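# Close look at the chain arrangement
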Amino acid sequence: MKMKKNAPIYVVSGGRGIAGNNLLQSILIQYPDNKIPVEIIGGVNTEDMVFDVVMRAKSEGGLITHTMVNPFLRKRINELANEFNVEVIDLMGDLARYLDRTLNVEPLQHPGLYRELNQQYFDRIESIEYTLSHDDGMGPQRLRQAEIVLTGVSRAGKTPLSVYLAMYGWKVANVPLVPGVQPPDELFEIDPNRVFGLHIGAGQLIAHRMKRIQGWNNHRSDSYVDQNAVREEIRNAMFVFDKGGFTVINVSNKPIESTANEILKLMSERFVYRGRKLESPYHDQKSDTSK
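So, here's what we can say about the structure. These figures come from a predicted structure and were not determined experimentally.

Reading guide: rules and limits
Residues numbered from 1 in each chain as written. Predicted model: local features only at pLDDT ≥ 70, side-chain atom pairs only at ≥ 80, totals over all residues. Heavy atoms only, no water. Core = buried A, V, L, I, M, F, W, Y, C linked by side-chain atoms within 4.5 Å. Buried < 20%, exposed > 50% of the residue type's maximum accessible area, 1.4 Å probe, protein only. Helix = DSSP H or I, 4+ residues; strand = E, 2+ residues; numbered from the N terminus. Contact = heavy atoms within 4.5 Å. 1 Å grid on protein atoms, 1.4 Å probe; cavity = no way out; pocket = protein on both sides within 12 Å on 5 of 7 lines; lining within 4 Å. Points joined across faces, edges and corners; volume = space filled by probe spheres on them. Nonpolar A, V, L, I, M, F, W, Y, C, P; charged D, E, K, R; others polar. Pairing = 2+ DSSP bridges. Axes fitted to C-alpha atoms, helices over the stretch in contact; angles between N-to-C directions.

## What to know about the nonpolar core
Membership of the largest hydrophobic core comes to 40 residues, with the highest contact counts inside it found for Ile148, Val149, Phe196 and Ile263. When residues of this core are traced back to their parent elements, those giving at least two are β5 (148–153), α7 (158–167), β6 (172–177), β7 (195–199), α8 (202–213), α9 (222–225), α10 (227–244) and α11 (256–270). Looking at which element gives the most residues to this core, the answer is α10, with five residues. Beyond its immediate chain neighbours, meaning those up to four positions away, Val149 contacts Leu143, Ala173, Val175, Leu187, Ile190, Arg194, Val195 and Phe196.

Below, the structure is given as structure tokens:
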């Protein structure tokens, strides 16, 4: 059957559909500007859900691709697709049947098992992506998603500390405090126990900034390194920390590792699960991470 032009491709899975989507995207990228919509339909674990997916694909004239690990549901989605004249591509059926015959071992039939066993790796990748997209005040409307929020003046070390924490799987956002610019309202709406104000001595801050402005060409930077202006900037930052009830961390002459350990120790003391905002990809319930 010929698909409609720009009809959707459905990636159907008993898990989250990430494996099937990755495979599909690796193929679609070979066809620039294809404009084919892709929709992931995860958590398909009953025959009724399989039927609904097939009916939806039929009404849209779309294609079903799937990575169903449950042999009964895999068989049913293939049968129903053929019965209702819907294009279907079983991304793992042939290989699964080959392994069944060859290994003579009953498969676990556990959707999302690869991701579950490699969750720490995926958490780290997800955290790094989140942290980089929330560097230097970007995406303030999504601050609630952060596990840790850092704030402070320019060159207080927010970005390197954020990236360091992200490498260990933490979703970190950082918000710069800029003279004459009001901090985003969202900074004061999130749990202050997750927000850390980075305090740094004026002398060390000026030294950091002097190194930075060496790369600036014809840029007026007098106030950026002026001692009185810098001290005023630090005082204003402390007012913001006090207003928000944020925890102040003195980063003067401290290595990143030491500051990170200090923050994580506080997180583990304040919240269950050592401060993590846990949301299992395999269950509908969201864990309550606050005490």
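Here the narrative resumes.
## Let's talk about empty space enclosed by the protein
Applying the stated rule across the entire model yields one cavity of 30 Å³ or more. Forming the boundary of the largest cavity are Val153, Leu198, His199, Ile200, Ile234, Ala237, Met238 and Phe241. Within the residue set of the lining of the largest cavity, elements represented by two or more residues are β7 and α10. Per element, the largest residue contribution to the lining of the largest cavity is four residues, and it comes from α10. Its residues assigned to classes, the lining of the largest cavity comprises seven nonpolar, one polar and no charged.

## Remarks on the sheet that holds strand β4 (residues 87–90)
Taken in spatial order, the four strands of this open sheet run β2-β1-β3-β4, and their pairing is parallel. In this open sheet, the two strands that pair with only one neighbour each are β2 (38–41) and β4. Sheet twist, expressed as the mean angle between neighbouring strand axes with direction ignored, is 20 degrees. Sitting on the sheet, helix α3 (residues 71–83) touches β1 (9–12), β3 (63–66) and β4, and the angle it makes with β4 is about 155 degrees.

## Some words on the environment of Arg76
With respect to the element layout, Arg76 can be found in helix α3. Note: C-alpha distance between Arg76 and Phe51 (25 residues apart in sequence) is 8.5 Å. Each residue touching Arg76, except ones within four places of it in the same chain, is listed here: Glu47 and Val50.

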